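Structural overview for review
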Amino acid sequence: MATVQLGDVEIAYEVDGPDDGVPLLLVMGLGTQLVGWPADLVEGLVERGFRVVRHDNRDVGLSSFTGGPPPARSAVVRSFLRPGSGGADYLLTDMAGDARALLDHLGIAAAHVVGASMGGMIAQQLTIDHPERVLSLTSIMSNTGSRRHGGVHPKLLPTMAMSLTAARPTDEDEAVRLGVEGWRLIAGPLFDEDEMTEMVRVAVRRSVSPIGTVRQLLAILDSPDRTAALRSVSVPTLVVHGLADRLVSPSGGIATARAVPGSRLLMFPDMGHDLPRARRGEIVEAIVQNAARAATVDAG
């Protein structure tokens, strides 16, 4: 693991695969560290010839945290009710700028970009803001930013509100237990408790910051709808979504695929807001095929 100062933020990152591999950037979601990417998914991409870059977004993991007072609960409520109300310290476009700056630091002119959940939103924004830096786009369990599609299941809202405002557990085992239960709530029927417990424990030992998660949530809520801008995306695009997703409803994936011309939509009936082991091989293969479409376009 390495860190680099990129303007006002410090970003922690890891690179797997050969130095001469095809660059592929993995962008993780809300409050989730780079260790949230399953090892076998990363290894599968490396085995297919990619140089895989993962990073902790700002305000999570070992990257730097935003200073100043924590966001008030009222700011979150206000942004839920009135998007763009100004409660966020930064927007998704700033987080996409972090990703672009990391590519600059690594000497990568352009990369295949894969994002999950909020990471999918960042990946979309990176493609919109810096199209010359993106070879292909894969958006997993994400949405376009439109409030009409890809919303949270109403039954999850009270639990989410409580988790975002609850005090951080001081006991490691309790922090891990709560983290696993949070993932169980949004995962599909293929949830692997043992694997998730291992990942959450690694994450807890690295860093835990509920306030950072709230800041990221505000960045999502206050960022504009990307639907119109996505219509100008010309790189090969793959959209992956689970039909059992209750955190970002499947309509978010459908709306994303409809917005991007020529995109491909892959939906799994047994996938929730997670990356189940049984589907990772298919997801890796779909990413590889989408990247190959970029090579075909370049050749043409």
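For the structure itself, consult the block above.
Residues numbered from 1 in each chain as written. Predicted model: local features only at pLDDT ≥ 70, side-chain atom pairs only at ≥ 80, totals over all residues. Heavy atoms only, no water.

1. Comments concerning the overall build of the protein
Definition in use: Per the convention used, a helix needs a DSSP run of H or I reaching at least four residues, while a strand needs a run of E reaching at least two, with both numbered from the N terminus. The size measure is the radius of gyration over C-alpha atoms, and the globule rule it meets is 2.2 Å times the number of residues to the 0.38 power. Accessible surface is estimated by sampling points in the Shrake-Rupley manner with a 1.4 Å probe; for residues, cover comes only from the protein chains shown. Within this scheme the basic residues Lys and Arg register as positive and the acidic residues Asp and Glu register as negative, but His and the chain ends are omitted. For charged residues, the charge sits on one atom: NZ in Lys, CZ in Arg, CG in Asp, CD in Glu.
Secondary structure assignment for the protein yields 11 helices and eight strands. Scaling as 2.2 N^0.38, a compact globule of 300 residues should have a C-alpha radius of gyration of about 19 Å, and the protein matches this with 18 Å. Split by element, the accessible area of the protein, about 13,000 Å² in all, is 54% carbon and sulfur. Between the mean site of the 28 positive side-chain charges and the mean site of the 35 negative ones, the protein shows a separation of 8 Å.

2. Examining the packing of helix H6 (residues 172–186) against helix H7 (residues 193–206)
Stated formally: Inter-axis angles, ranging from 0 to 180 degrees, are taken between N-to-C directions of lines fitted to C-alpha atoms, where helices are fitted over the stretch in contact. Should an angle lie under 35 degrees it is considered roughly parallel, over 145 roughly antiparallel, and from 65 to 115 roughly perpendicular; all remaining angles are considered oblique. The handedness criterion is simple: a crossing whose near helix is rotated anticlockwise from the far helix by less than a right angle is left-handed, and one whose near helix is rotated clockwise is right-handed. Residue contacts are defined here by distance: any two heavy atoms, one from each residue, within 4.5 Å place the two residues in contact. Residue type decides the class: Asp, Glu, Lys and Arg count as charged, Ala, Val, Leu, Ile, Met, Phe, Trp, Tyr, Cys and Pro as nonpolar, and the leftover types, Gly among them, as polar.
Between H6 and H7, the shortest axis-to-axis distance is 9 Å and the interhelical angle comes to 130 degrees. It follows that H6 is oblique to H7 by the angle criterion. The two elements H6 and H7 meet at a crossing, and its hand is right-handed. Here Glu172, Asp173, Ala175, Val176, Gly179, Val180, Trp183 and Arg184 of H6 come into contact with H7, specifically with Glu193, Met196, Thr197, Met199, Val200, Arg201, Val204 and Arg205. Per-class residue counts for the contact of H6 with H7 are eight nonpolar, two polar and six charged.

3. Let's talk about the side chain of Arg280
Condition: For the purposes of these results, a polar contact is taken to be a pair of N or O atoms within 3.5 Å, where, inside protein, one atom must be able to donate a hydrogen and its partner to accept one; residues adjacent in sequence count only when each atom of the pair is a side-chain atom.
Turning to its location among the elements, Arg280 is positioned in helix H11 (residues 277–299). A polar side-chain atom of Arg280 sits 2.7 Å from a polar atom in the side chain of Glu195. Ignoring any residue separated from it by four or fewer positions in sequence, one finds Arg280 in contact with Pro38, Asp40, Leu41, Glu195 and Leu275.

4. Section: helix H10 (residues 250–259)
Formally: Burial status follows relative accessibility: with a 1.4 Å probe on protein chains alone, a residue under 20% of its type maximum counts as buried, one over 50% as exposed, and anything between as partly exposed.
Buried residues dominate H10, accounting for seven of its 10 residues. Taken residue by residue, H10 has Pro250, Gly252, Gly253, Ala255, Thr256, Ala257 and Ala259 as its buried positions. Summarising the contacts, the buried residues of H10 are in contact with helix H4 (118–129), strand E6 (134–140), helix H9 (227–230), strand E7 (237–242) and strand E8 (264–268).

5. A look at the pairing of strand E4 (residues 50–55)
Heads up, the condition is: A strand pair is defined by DSSP finding two or more bridges across the two strands. For crossovers, right-handed means that the path from the first strand over the helix to the second runs clockwise, given strands pointing away from the viewer.
Extensive coverage of E4 is indicated by the burial of six of its six residues. On E4, burial covers both faces: Phe50, Val52 and Arg54 on one face and Arg51, Val53 and His55 on the other are all buried. Relative to E4, strand E2 (residues 9–16) is paired through four bridges, and the arrangement is antiparallel. Pairing of Asp16 across the sheet is with Val52, part of E4. Note that strand E3 (residues 22–27) and E4 share six bridges and pair parallel. Bridging across to E4, Leu26 finds its partner in Arg54. For the crossover that starts at E3, traverses helix H1 (residues 39–47) and ends in the parallel E4, the hand is right-handed.

6. Quick notes on the sheet that holds E7
Taking strand neighbours across the sheet as the criterion, the eight strands line up as E1-E2-E4-E3-E5-E6-E7-E8 in an open arrangement whose pairing is mixed. Either end of the sheet is taken by a strand with one partner, and the two such strands are strand E1 (2–6) and E8. Geometrically, the sheet is characterised by an average inter-axis angle of 25 degrees between neighbouring strands, direction not taken into account. Each of E2, E3 and E4 touches H1; the most contacted strand, E4, lies at about 150 degrees to it.

7. Some remarks on the pairing of E6
Of all seven residues making up E6, six are buried, and the element is well covered by its neighbours. Taken together, the six bridges between strand E5 (residues 111–116) and E6 define a ladder with parallel strand orientation. Residue pairing in the sheet places Gly115 in a bridge with Ser139 of E6. Pairing between E6 and E7: four bridges, direction parallel. Note on E7: the bridge partner recorded for Leu137 is Thr237.

8. Remarks on a nonpolar patch on the surface
Note the cut-off: Patch members must show over 30% relative accessible area and no salt bridge, and they are joined within 9 Å when carrying like charges or within 5 Å when they are nonpolar side chains of Val, Leu, Ile, Met, Phe, Trp or Tyr. Whenever Lys or Arg places a side-chain nitrogen within 4 Å of a carboxyl oxygen from Asp or Glu, that contact is recorded as a salt bridge.
The grouping of Val77, Phe80, Leu81 and Leu157 at the surface amounts to a nonpolar patch, some 380 Å² of accessible area in total. For the nonpolar patch, the leading source of residues is helix H2 (residues 73–81), giving three residues. Position of Leu81 relative to the elements: it lies in helix H2.

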